Amino acid sequence: MATVELTTANFDEMAGRDGIVLVDFWADWCGPCKRFAPVYERSSEKHPDIVFGKVDTEAQQELGAKFDIRSIPTIMAIRDGVIVFAQPGALPESALENLIEQVEALDMDDVRKKLAEHKH
């Protein structure tokens, strides 16, 4: 599956769905973002069951502000509508694959339980 452009218009719908959504916050002028793009694209082809989204932080400044993106690229992982990972920096392919494996292995009932405990 090719990457999907995420905007303020479609972000909540895409991020709120069941399953895994990876988000790459990037900009055209960002060298590390451009070097990371082919790694991200290759990974998207290996995992057709995962949505690989890209947010152009120049065109979608509201989304960058909403998630307090201060450094790009930033990778965010969302599973079943819950943000489970967010970290700035381009990942090597092996680290991106490892992140995907960890997100796939999460017990989302346990994650939701821990989130609920933190809100009290």
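A short tour of the structure in this document, coming up. Everything numeric here is computed off the predicted structure, so don't read it as measured data.

### Description of the state of the cysteines
- Within this structure, the stated rule accounts for 1 disulfide.
- In this model, C30 is linked to C33 through a disulfide, with the two sulfur atoms separated by 2.3 Å. The disulfide joining C30 to C33 has a torsion of about 80° about its S-S bond and is therefore right-handed.
- For C30, a relative accessible area of 4% gives the class buried.
- Under the relative-accessibility criterion, C33 is labelled buried at 2%.

### What to know about the environment of T8
- Examined against the element boundaries, T8 turns out to sit in the loop between β1 (4-5) and α1 (11-15).
- Separated by 90 residues in the primary sequence, T8 and N98 have C-alpha atoms spaced 29 Å apart.
- Not counting the four nearest positions on each side in its chain, T8 is found in contact with Q60, E62 and L63.

### Things to note about the nonpolar core
- Core analysis: the largest hydrophobic core is formed by 17 residues, its most contacted members being L6, F11, V23, F25, V55, I72 and I78.
- For this core, the secondary structure elements donating two or more residues are α1, β2 (20-26), β3 (51-56) and β4 (74-79).
- Judged by nonpolar contacts, the second largest core, of 14 residues, contains I50, L91, L96 and V103.

### Let's talk about the packing of aromatic side chains
- By the definition in use, this model includes 4 aromatic pairs.
- With a centroid separation of 5.1 Å and 45° between ring planes, the pair formed by F11 and F67 is classed as tilted. Linking F11 in helix α1 with F67 in the loop between α3 (61-66) and β4, this pair joins segments that are 56 residues apart in sequence.

### As for unusual backbone geometry
- Following I72, the chain continues to P73 via a peptide bond in cis, the omega torsion being 0°.
- Residue position: P73 is located in the loop between α3 and β4.
- Phi at D68 is positive, roughly 55°, even though this residue is not glycine.
- The residue D68 is located in the loop between α3 and β4 in this model.
- Of note in this structure, D80 is not a glycine but carries a positive phi near 50°.
- Positionally, D80 belongs in the loop between β4 and β5 (82-88).
- By relative accessible area, D80 is classed as partly exposed at 22%.

### A few points about the sheet that holds β5
- Taking strand neighbours across the sheet as the criterion, the 5 strands line up as β1-β3-β2-β4-β5 in an open arrangement whose pairing is mixed. Both outer strands of the open sheet, β1 and β5, are each paired with one neighbouring strand and no more.
- Summarising the sheet, β2 and β4 pair through 6 bridges and their orientation is antiparallel. Considered in β4, the bridge of V23 is made with M76.
- Set on the sheet, helix α5 (residues 108-118) makes contact with β4 and β5; between it and β5 the angle comes to about 85°.

Procedures and definitions
Residues numbered from 1 in each chain as written. Predicted model: local features only at pLDDT ≥ 70, side-chain atom pairs only at ≥ 80, totals over all residues. Heavy atoms only, no water. Disulfide = S-S within 2.5 Å. Buried < 20%, exposed > 50% of the residue type's maximum accessible area, 1.4 Å probe, protein only. Helix = DSSP H or I, 4+ residues; strand = E, 2+ residues; numbered from the N terminus. Contact = heavy atoms within 4.5 Å. Core = buried A, V, L, I, M, F, W, Y, C linked by side-chain atoms within 4.5 Å. Phe/Tyr/Trp six-rings, centres within 6.5 Å; stacked < 30°, edge-to-face > 60°. Pairing = 2+ DSSP bridges. Axes fitted to C-alpha atoms, helices over the stretch in contact; angles between N-to-C directions.

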